[in-house]
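Analysis of the macromolecular model
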Amino acid sequence: MNKPKNQFPLKIIFSYLVLGAIAVVVSYFLYTEYKNNLSAANDPETAKIIETGTLINDVYETDSFSRIALLTKKEEDFDTYLQKTEALYEKIDELKRRISDTSQIKQLDSVKKLLALKSDNIEELRIFKLISEQDTSFDDILREFKNVHRAAGAMYLEDMVKKPWKLNPRERRIYQDFIDYFNRNVLDTVVGSPKMDTLIKMSRNIVLQIKRQNFRARKELQEKENELLQNELEVSSQLRNIITDFDEKMNLNNAIARSERLASEARTDKILRLAGILGALVMVFFSYLIVTDFFKTEKYKKRLREEKEYSEDLLKSREQLMATVSHDLKTPLNTIVGYSELFTHTELNEKQENYANQIASSAHFISKMADDLLDFSKLEAGKLVIEHVSFSLEKLLHQIAKAAKDMHIQKPVDLHLYIDEALHGQWFESDPLRIQQVVNNLVSNAYKFTDSGRIQITANLLKKKKDVYRVELAVTDSGIGISEEKQQLIFKEFTQAEKDTFQRFGGSGLGLAISKKISQLLGGSLKVKSTLGEGSTFFFTLPLPVSTKVQHQEKMMSITPVRSSLNALIFDDDPAMLALLKELFEQMNINANGFTSFHEFKKKTSLDFDFVLTDIEMPDHTGFEILEALKGGTVASYKQQPVIAMTGTKKMAHKEYLDVGFTDMLQKPFSKNQLIAALSPLFLLKIESNLPALEVFKNPSHELFDLSFMHSFLGSDEGLNDVLAIFYQQSEDDLVTLREAVQEEDHEVFGATAHRMLTMCRQLGAKRVVPVLETMEHAAQEDPSASEMESLFVSLKIELEKLLSGLKGRSAATA
């Protein structure tokens, strides 16, 4: 099948370029026209005319205040007028700064002078008006003089003529001469009147003189008012001239702008027409290309769909093949590994022992490769699901380091662990299983390529943003290192740094590829820094959101009182495990009642308890059956207390135990700190974790067992010896039970007993006994023959006797 073109055709690109060019040209043209029109709209002449109009309004307003000041003749009104005048001066100065025409500036200066002159005139006019108010008093004095004269017999013009103001000057003179003659004759006949008349005349003449002076003042006042009016007319005329000048220039500018706008509109219309025609032609051409290519695209889609379906079927078949092969390989591989281990415990010569080790090594290699292929297939298909559960990174790293050291016990390599103090006691939400898978792979590679020296696991806090920690997990080794040019190749699937890596160290080349993909799914990254011959450091960086549930519980711990004691109910068919847990709970001030079966407990249903700890796989009742019985009301003292599961198998995920009703699940073997971590959120136990120091993971001194795990539980040799005493007796009883199961070919008892013994043997770190028990447990599910059961029993008996002897020797040495 021909491959469809994976590039844009040249014609499509050309069409887009033409359309883009037209759009750019038209946009640029329209932008320039817009800029021109905008600059015309922002012409400073417009601002000038607006300010001039405002100035006229202010002149009229100031004139109104001047009239008020003249009418009221009050000082405060005159001060207001002066303030308005000062504001006018400031506006005139502001307008002058905007004007470049010298003639207009001179006009504005003349306006300022006229305004100053007007202020002076108004001040004089106000004073004159105040003086003219004295005229009324003089008129009153003259009126009194007239009354005195009338009393003496004198006569006045208004006494003879009712409307004297209507007389002409000649008539007024004749009447006035007659009145003067009459008044002289009448006043001469009055006794003592000459002196009095002289005095009155003198006073009257003085008052008349003053009145005439006031008359002249009023006349001058009238002239001042006329002068002020003329001044105002000149100010208004000057402002009108300025406005007219501005208006003419504005009209001229508007005419020029209008002509330019019309020309711009004509250019725009022309350009748009041309652009429309070109755009239409290009669109027609483009539409033709689209229509012709549409059918090709549909054909390619159909072929692509068929190819996709074929690829999906192929991928599904490959995934199914991987899953089937992995599953089918696991069972025989476990059998091969188990029998190889048993084979090494028999009397073998050096060559036979080498053969057995090669078989076991190859089986482990194939098993690891099957797991890697299955994970890689899931990653390629996008079916690897990332979970989000609460976990302690600190605890997880300790578990990884402990398991890694136990697995590589024979290598003279020290393993060190460093955890940033900022991460101590923190709980996060992510997928601890996938994080463990990545770190395990990095540590396993470090051991693989390091023959001696040291390996260090480091956990550092890089950055904290709100409730998300950016954490860097680094694994450093002193191994062979990687050359710089090969450092990126190691993350590709089925690729190794050097050609002879597989022959020298083994491996499928999938581990780092899978780890990198998982780190990306977790939102992080995986990088390497290495020097050839000196060692390598792998940096696994990922975001870890803080667990809100745990944080809430921690806040409650600070305000809620801790209970002084608790009552625990334990179900486990292994008496040694019961003794171990009782010893531990005694140290924690927890009263413990332990039972090897549910039947035994039902005889004492009156017991009070605060929580239940139950093994999952027991002969009489499973942990699931005990949970169902408790929740079903079989036990009267059960009031929804927490029930925690314990199991040595990995058949079910942690979440599945929570889904069926368990409060938590502990994977055997578990440490004291893991148990405390499970109980603390429930009862707010304030107990120090006492995590192992950084140097704890050095090579153990004994090749048969490792009691550091038990020491972390009990903390004292006395408590350990008590538990070991029960373990010795129980081991002898278990051997008797196994012997009977072999004789009767009872596969169920054979497997159940091996499963029960595994718990304590794992807690004791029994390196040679645990693999034999695991093989026995697995073999019991495959219906082994009597000879196979006998062989396994003999191997167990040999290794168990060695273990018991070593433990007893150790107890005697510490006694």
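The structure presented is a predicted model; accordingly, all values stated were derived computationally and were not measured.

1. Looking at the sheet that holds strand β11 (residues 643-647)
Taking strand neighbours across the sheet as the criterion, the 5 strands line up as β9-β8-β10-β11-β12 in an open arrangement whose pairing is parallel. Both edges of this open sheet fall to β9 (590-595) and β12 (664-667), since each of them pairs with a single strand only. Geometrically, the sheet is characterised by an average inter-axis angle of 20 degrees between neighbouring strands, direction not taken into account. On the sheet, helix α15 (residues 575-587) packs against β8 (566-571), β9, β10 (611-615) and β11 and is oriented at approximately 170 degrees with respect to β9. Helix α17 (residues 623-631) rests against β8, β10 and β11 of the sheet, and its axis sits at about 150 degrees to β10.

2. Brief notes about the nonpolar core
Nonpolar side chains in soluble globular proteins generally cluster together in the buried interior. Membership of the largest hydrophobic core comes to 60 residues, with the highest contact counts inside it found for F585 and F727. Looking at this core element by element, the count peaks at 9 residues for helix α21 (residues 717-744). If sequence neighbours within four positions are ignored, F585 has contacts with A568, I570, I590, A592, F611, L613, L675 and L679. Grouped together as the second largest cluster of nonpolar side chains are 44 residues, A401, I457, L522 and F540 included.

3. Structural notes on helix α11 (residues 432-448)
Every α-helical turn comprises 3.6 residues, leaving residues that sit three or four positions apart pointing alike. The end-to-end C-alpha separation of α11 is 24 Å, in line with the 24 Å expected for 17 residues at 1.5 Å each. Within α11, 12 of the 17 residues are buried, leaving the element largely enclosed by the surrounding structure. For α11, every residue scored as buried is listed here: P432, R434, I435, Q437, V438, V439, N441, L442, V443, N445, A446 and Y447.

4. A look at unusual backbone geometry
What is expected of a backbone is that most residues other than glycine have negative phi and most peptide bonds are trans. Here the phi dihedral of K466 falls at roughly 55 degrees; this positive angle occurs in a residue that is not glycine. Following the sequence through the fold, K466 ends up in the loop between β4 (453-465) and β5 (468-477). Here K466 falls in the exposed class, since its relative accessible area comes to 75%. With a phi close to 55 degrees, D783 is a non-glycine residue in the positive phi region. Position of D783 among the secondary structure elements: in the loop between α23 (769-780) and α24 (786-814).

5. Structural notes on the packing of aromatic side chains
Scanning the entire structure with this criterion turns up 11 aromatic pairs. Between F428 and Y469, the ring centres sit 5.3 Å apart and the planes meet at 70 degrees, which makes this aromatic pair edge-to-face. Residue F428 is found in strand β3 (residues 427-430), and its partner Y469 is found in strand β5; the two are separated by 41 residues along the sequence. No difference in accessibility class separates F428 from Y469, as the two residues are buried. Joined through ring pairs, the aromatic side chains of F571, F595, F598 and F601 make up one cluster. Above the plane of the ring of Y728 lies K808, whose end atom (NZ or CZ) is 5.2 Å from the centre.

6. What to know about a negative patch on the surface
A cluster of acidic side chains, namely E306, E307, E309 and D313, defines a negative patch on the protein surface. You can see E309 is positioned in helix α8 (residues 193-344). The class of E309 is partly exposed, set by a relative accessible area of 45%.

7. Focus: the sheet that holds strand β2 (residues 413-419)
Within the open sheet, the 5 strands sit side by side as β2-β4-β5-β7-β6. Their pairing is mixed. Taken across any chain shown, the strands that pair with only one partner, and hence form the sheet edges, are β2 and β6 (525-531). Strand-to-strand twist across the sheet, computed as the mean angle between neighbouring axes with direction ignored, equals 15 degrees. Where β2 lies against β4, 7 bridges are found, and the strand directions are parallel. Pairing of I419 across the sheet is with A459, part of β4.

8. Structural notes on helix α3 (residues 75-98)
Taking 1.5 Å as the rise per residue, α3 with 24 residues should run 34 Å; its terminal C-alpha atoms sit 35 Å apart, in good agreement. Those residues of α3 that fall on the buried side of the exposure criterion are F78, Y81, T85, L88, Y89, I92 and L95.

9. Quick word on the pairing of β4
In terms of strand pairing, β4 meets β5 through 10 bridges, oriented antiparallel. Looking at the pairing, K465 lines up with V468 of β5. Taking the residues that link successive antiparallel strands as the turn, the β4-β5 hairpin has 2 residues, and the phi of K466 there is positive, at about 55 degrees.

10. Details of the confidence of the model for the chain
Per-residue pLDDT for the chain has a mean of 76; in total, 72% of the residues score no lower than 70. Scored below 50 in pLDDT, residues 1-7 makes 7 contacts in the model with residues more than four places away or belonging to other chains. For the stretch residues 551-563, pLDDT sits under 50, and the model shows 14 contacts to residues farther than four places along the chain or on other chains.

11. Section: the pattern of salt bridges
Enumeration over the complete set of coordinates arrives at 6 salt bridges. Its salt-bridge partner being K655, residue D659 comes within 3.4 Å of it at the nearest N-O pair. In this pair, D659 and K655 are both assigned in helix α18 (residues 654-660), 4 residues apart and thus about one turn of the helix distant. Judged by its relative accessible area of 54%, D659 falls in the exposed class. What makes K655 partly exposed here is its relative accessible area of 46%. One network of salt bridges, in which partners are shared, links D573, D734 and R756.

12. Focus on the packing of α21 against helix α22 (residues 747-763)
With their axes 10 Å apart at the nearest point, α21 and α22 run at an angle of 160 degrees to one another. Comparing the axis directions of α21 and α22 gives the class roughly antiparallel. Relative to α22, α21 is oriented so that their crossing is left-handed. In this structure, α21 contributes V723, F727, Q730, D734, T737, L738, A741 and V742 to the contact, and α22 contributes V749, F750, T753, R756, M757, M760 and C761. When the residues that make up the contact of α21 with α22 are grouped by side-chain class, the tally is 10 nonpolar, 3 polar and 2 charged.

Definitions and limits used
- Residues numbered from 1 in each chain as written.
- Predicted model: local features only at pLDDT ≥ 70, side-chain atom pairs only at ≥ 80, totals over all residues.
- Heavy atoms only, no water.
- Pairing = 2+ DSSP bridges.
- Helix = DSSP H or I, 4+ residues; strand = E, 2+ residues; numbered from the N terminus.
- Axes fitted to C-alpha atoms, helices over the stretch in contact; angles between N-to-C directions.
- Contact = heavy atoms within 4.5 Å.
- Core = buried A, V, L, I, M, F, W, Y, C linked by side-chain atoms within 4.5 Å.
- Buried < 20%, exposed > 50% of the residue type's maximum accessible area, 1.4 Å probe, protein only.
- Expected span 1.5 Å × (residues − 1).
- Phe/Tyr/Trp six-rings, centres within 6.5 Å; stacked < 30°, edge-to-face > 60°.
- Lys NZ or Arg CZ within 6 Å of the ring centre and 35° of its normal.
- Patch = residues over 30% accessible without salt bridge, like charges linked within 9 Å, V, L, I, M, F, W, Y side chains within 5 Å.
- Areas by Shrake-Rupley, 256 points an atom, 1.4 Å probe, with all protein chains shown as cover.
- Salt bridge = Lys/Arg side-chain N within 4 Å of Asp/Glu carboxyl O.
- Lys, Arg positive; Asp, Glu negative; His and termini not counted.
- Charge placed at Lys NZ, Arg CZ, Asp CG, Glu CD.
- pLDDT = per-residue confidence, 0-100.
- Parallel < 35°, antiparallel > 145°, perpendicular 65-115°, else oblique.
- Left-handed = near helix turned anticlockwise from the far one by under 90°.
- Nonpolar A, V, L, I, M, F, W, Y, C, P; charged D, E, K, R; others polar.

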